[in-house]
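Coordinate analysis (summary)
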Amino acid sequence: MKTAFIFLTLLNFLFAQNLNIQKVYSISYGIFGELGIATASIKVDKQNNYTITMHAKATGVAKFLSQSKEEIYTSKGKLINNQFVPDTFSKHVKNDVKTKKATYTIDHPNKQVTKDSLKTKKDRQTNKWNTYKNSEILDYYAKNDILSLFFNLKYYIKEFSKGNEHDLHAVGANEDNGLINVIVPTKKEHTIINQDLKTTQDTILKVFINQEIFSSERGELLISLDKKGLCDRTVLKDVLLFGDIRAKVVN
């Protein structure tokens, strides 16, 4: 259940030092109602070191069916000239019987990304945990990861004219090339998307992360941004059987 991808939709605005922001989202899915809660946070210290974290966990029936599944996405790096420059990005998926963690180290001077994978699985007969490790160099390099990219969007999209499409790249997105498509809808599409999101915000984006999430082949996201440029509502389109996964701010 890749719920955390729903929330990789934050747009950058200028931050002061010692920043500490947190938002909590409720996740719902068709007839099942609420599936979980996700917490998004960003911290910047006096030395301009930053940490962006997205932590999603199943609740209620979904927690029981998924064996207490959680997903944690973390970007760490430096704030340089008001841009988030990541050194590492990690995604950690776990439940009661297995864990899967991928840590990406981004070498900007050599334009190289190394992925270290760690998998653990509980043996039901012996009750012991088996561990598997792997390390590889990716076939592509990207300046951003999927969290830092959306904070840095204003540096890549110079003007949010209606109907523009932008091909961007980020570590942690599509495994082949990291491609992410960001589309600023036309005026007509903007109205339709606002109705779908059940919002009246002026800034709306359509994003394709180009990897399958449930049966949403390209991972199509509709995103509503508030006046501070932070995500307040989002929809993952065309999910298996029950339609769309929705998320909205609850605090």
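Everything that follows concerns the structure shown earlier in this document.
Residues numbered from 1 in each chain as written. Predicted model: local features only at pLDDT ≥ 70, side-chain atom pairs only at ≥ 80, totals over all residues. Heavy atoms only, no water.

1. What about the pattern of salt bridges?
Across all of its chains, the model carries two salt bridges by this definition. The closest approach of N and O atoms between Glu 175 and Lys 91, which form a salt bridge, is 4.0 Å. Here Lys 91 lies in strand β5 (residues 83–94) and Glu 175 lies in the loop between β9 (165–169) and β10 (179–183), a separation of 84 residues in the sequence. The exposure class assigned to Lys 91 is buried, which follows from its relative accessible area of 16%. Lys 115 is paired through a salt bridge with Glu 175; the nearest N and O atoms lie 3.6 Å apart. A residue pair is termed long-range when its members are at least 10 positions apart, and Lys 115 in strand β7 (residues 112–122) and Glu 175 in the loop between β9 and β10 qualify at 60 residues. Note on Lys 115: relative accessible area 13%, which makes it buried. Residues joined in a network through salt bridges with shared partners are Lys 91, Lys 115 and Glu 175. (Salt bridge = Lys/Arg side-chain N within 4 Å of Asp/Glu carboxyl O. Helix = DSSP H or I, 4+ residues; strand = E, 2+ residues; numbered from the N terminus. Buried < 20%, exposed > 50% of the residue type's maximum accessible area, 1.4 Å probe, protein only.)

2. As for a positive patch on the surface
A surface patch of positive charge is lined by Lys 98, Lys 100, Lys 119, Lys 121 and Arg 124. Looking at the positive patch, the elements with two or more residues in it are β6 (98–107) and β7. (Patch = residues over 30% accessible without salt bridge, like charges linked within 9 Å, V, L, I, M, F, W, Y side chains within 5 Å. Areas by Shrake-Rupley, 256 points an atom, 1.4 Å probe, with all protein chains shown as cover. Lys, Arg positive; Asp, Glu negative; His and termini not counted. Charge placed at Lys NZ, Arg CZ, Asp CG, Glu CD.)

3. A look at the pairing of β10
Residues in a regular strand project their side chains so that they alternate between the two faces of the sheet. Taken across its five residues, β10 has four buried, putting it largely inside the fold. In this sheet, β10 lies alongside β9 in antiparallel orientation, the contact comprising five bridges. Directly across from His 166, in β10, lies its bridge partner Val 182. Pairing geometry for β10 and strand β11 (residues 203–208), over three bridges, is antiparallel. Each bridged residue has a counterpart across the sheet, and for Val 182 the counterpart in β11 is Val 207. (Pairing = 2+ DSSP bridges.)

4. Describing the nonpolar core
Phe 84, Ile 180, Val 182, Leu 205 and Val 207 are the most contacted members of the largest nonpolar core, which has 40 residues in total. Among the elements that make up this core, the one with the highest residue count is helix α2 (residues 146–151) (five residues). (Core = buried A, V, L, I, M, F, W, Y, C linked by side-chain atoms within 4.5 Å.)

5. Quick look at the environment of Ala 38
Note on placement: Ala 38 falls in strand β2 (residues 34–44). Sequence separation between Ala 38 and Ala 58 is 20 residues; the distance between their C-alpha atoms is 8.7 Å.

6. Digging into the environment of Phe 151
Along the polypeptide, Phe 151 turns up in helix α2. Spatially, the C-alpha atom of Phe 151 lies 9.1 Å from that of Leu 230, the residues being 79 residues apart in sequence.

7. Observations concerning the side chain of Glu 71
Looking at the secondary structure, you find Glu 71 in strand β4 (residues 70–80). Owing to a relative accessible area of 2%, Glu 71 belongs among the buried residues under this scheme. Here Tyr 73 takes part through its side chain, which lies 3.2 Å from a polar atom of the side chain of Glu 71. (Polar contact = N/O pair within 3.5 Å; in protein donor to acceptor, adjacent residues only side chain to side chain.)

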